[in-house]
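Structural overview for review
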Amino acid sequence: SQQGEEDPQALSIQEGENATMNCSYKTSINNLQWYRQNSGRGLVHLILIRSNEREKHSGRLRVTLDTSKKSSSLLITASRAADTASYFCATVNMEYGNKLVFGAGTILRVKS
Amino acid sequence: SQTIHQWPATLVQPVGSPLSLECTVEGTSNPNLYWYRQAAGRGLQLLFYSVGIGQISSEVPQNLSASRPQDRQFILSSKKLLLSDSGFYLCAWTSESNQPQHFGDGTRLSIL
């Protein structure tokens, strides 16, 4: 299985602090994507990083990818209460028909 | 702009009853379409995907089926629901299989 696995399973921080979530996977990938899910809602795409990229930024989000370690991290800087959500990594593997394979997610709670 | 609609938002059904969940996409043509199920506190499990009208691929053997009668319509069905079919069902679309997916708001299905 190439399923991504997020770490930690749950994270609780104070508003203004940074939040770091990690994702590990098992097979070679085409790209890795991060998604956010508010409680009871659908997933929203945050950022896509290709296998030949090492770092990508989008606003307060920073994603890194280390293909040698088969891992990625998502950093949210200066967190806000509105960042409270579940965050999922998903990998795309051409050998797996380019289907997204999701991890179990990290539940982030930002306390105000 | 593209939008995705999923309905109903919640559904309570007795064991053994039929099921029909509908998903439609607007503002794009020939999308790839996906049905996922999410158990509480877990990641997404891919159930079915479709790359064109009448083309359905099943990922997990079960008593569910999917159909794509029109380009932008994807339907998830069952003839007889089981207790284990309870969960949160999400529909998604993408323009290309290795690109970000766009999700509907999901259907919360409870089987009694």
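Going by the structure above, here's the rest.
Residues numbered from 1 in each chain as written. Chains lettered and ligands numbered in written order. Predicted model: local features only at pLDDT ≥ 70, side-chain atom pairs only at ≥ 80, totals over all residues. Heavy atoms only, no water.

**Points about the overall build of chain B**
Tallying secondary structure elements over chain B gives 0 helices and 11 strands in all. Against the globule reference of 13 Å for 112 residues, chain B gives a C-alpha radius of gyration of 13 Å, in line with a compact fold. Once the C-alpha set of chain B is aligned to its principal axes, its extents read approximately 40 × 30 × 20 Å. Counting only residues that meet the buried cut, chain B has 49% of its 112 residues in that class. Of all intrachain contacts in chain B linking residues separated by at least 6 positions in sequence, the fraction that spans at least 24 positions is 54%. (Helix = DSSP H or I, 4+ residues; strand = E, 2+ residues; numbered from the N terminus. Rg over C-alpha atoms; globule rule 2.2 N^0.38 Å. Buried < 20%, exposed > 50% of the residue type's maximum accessible area, 1.4 Å probe, protein only. Contact = heavy atoms within 4.5 Å.)

**Structural notes on the packing of aromatic side chains**
Applying the stated criterion across every chain, the model contains 8 aromatic pairs over all chains. Ring centres of Tyr 36 of chain B and Phe 103 of chain B lie 5.6 Å apart, and the angle between their planes is 35°; this geometry places the pair in the tilted category. In this pair, Tyr 36 of chain B is assigned in strand E4 (residues 32-38) and Phe 103 of chain B in strand E10 (residues 102-103), connecting sequence segments 67 residues apart. In this pair, the class of Tyr 36 of chain B matches that of Phe 103 of chain B, namely buried. Taken together, the ring pairs in this structure connect Tyr 35 and Phe 102 of chain A together with Tyr 34, Tyr 36, Tyr 49 and Phe 103 of chain B into an aromatic cluster. (Phe/Tyr/Trp six-rings, centres within 6.5 Å; stacked < 30°, edge-to-face > 60°.)

**A short note on the sheet that holds strand E6 (residues 55-58) of chain A**
Note: strands within a sheet are paired through backbone hydrogen bonds, in either parallel or antiparallel orientation. All names here are of chain A. What the 5 strands build is an open sheet, ordered E1-E3-E8-E7-E6; its pairing is antiparallel. Of all the strands in the sheet, the pair left with one neighbour each is strand E1 (5-7) and E6. In this sheet, adjacent strand axes meet at a mean angle of 20° when their direction is disregarded. (Pairing = 2+ DSSP bridges. Axes fitted to C-alpha atoms, helices over the stretch in contact; angles between N-to-C directions.)

**So, the interface of chain A and chain B**
Taken together, the 21 residues of chain A in the interface contact 20 residues of chain B. Taken over both partners, the interface formed by chain A and chain B buries close to 1600 Å², and the fraction arising from carbon and sulfur atoms is 52%. In terms of surface lost to chain B, no three residues of chain A exceed Leu 43, Lys 99 and Phe 102 of chain A, which account for 30% of the buried area on that side. Taken together, the links from chain A to chain B amount to 2 salt bridges. There are 4 residue pairs in polar contact (both at pLDDT 80 or more) connecting chain A and chain B. Within the residue set of the side of chain A that touches chain B, elements represented by two or more residues are strand E4 (31-37), strand E5 (43-50), strand E9 (85-92) and strand E10 (100-102) of chain A. At 4 residues, E4 of chain A tops the list of elements feeding residues into the side of chain A that touches chain B. Among the residues forming the side of chain A that touches chain B, the class breakdown is 9 nonpolar, 10 polar and 2 charged. (Buried area = accessible area lost by both parts, 1.4 Å probe. Salt bridge = Lys/Arg side-chain N within 4 Å of Asp/Glu carboxyl O. Polar contact = N/O pair within 3.5 Å; in protein donor to acceptor, adjacent residues only side chain to side chain. Nonpolar A, V, L, I, M, F, W, Y, C, P; charged D, E, K, R; others polar.)

**A closer look at the state of the cysteines**
Taken as a whole and assessed by the stated rule, the structure comprises 2 disulfides over all chains. Here Cys 23 of chain A is linked by a disulfide to Cys 89 of chain A, with a sulfur-sulfur distance of 2.0 Å. Because the torsion about its S-S bond is 65°, the bridge between Cys 23 of chain A and Cys 89 of chain A counts as right-handed. Residue Cys 23 of chain A is found in strand E3 (residues 19-24), and its partner Cys 89 of chain A is found in strand E9; the two are separated by 66 residues along the sequence. Across the pair, Cys 89 of chain A and Cys 23 of chain A agree in class, each one buried. Between Cys 23 of chain B and Cys 91 of chain B runs a disulfide, and the two sulfur atoms are separated by 2.0 Å. (Disulfide = S-S within 2.5 Å.)

**Focus on the sheet that holds strand E7 (residues 64-70) of chain B**
Residues and elements named next belong to chain B. Taken together, 4 strands build an open sheet; the order of strands is E1-E3-E8-E7 and the sheet is antiparallel. Because the sheet does not close on itself, it has two edges, and the strands there are strand E1 (3-7) and E7. Averaged over all adjacent pairs, the angle separating strand axes in this sheet is 15°, with direction ignored. Two strands pair when backbone bridges link them, and strand E3 (residues 19-26) and strand E8 (residues 73-78) are joined in this way by 6 bridges, in the antiparallel orientation.

**Side note on the pattern of salt bridges**
This structure, assessed with the given rule, holds 8 salt bridges over all chains. In this structure, Arg 36 of chain A engages Asp 83 of chain A in a salt bridge whose closest nitrogen and oxygen atoms are separated by 3.9 Å. Placement of Arg 36 of chain A in strand E4 and of Asp 83 of chain A in the loop between strand E8 (71-76) and E9 is noted, with a sequence separation of 47 residues between them. Taking the relative accessible area as the measure of exposure, Asp 83 of chain A reaches 6% and is therefore buried. Its salt-bridge partner being Glu 59 of chain B, residue Lys 99 of chain A comes within 3.7 Å of it at the nearest N-O pair. Placement of Lys 99 of chain A in the loop between E9 and E10 and of Glu 59 of chain B in the loop between strand E6 (55-58) and E7 is noted, with the two residues assigned to different chains. Look at the salt bridges and you will find they share partners, linking Arg 36, Arg 60 and Asp 83 of chain A into a network.

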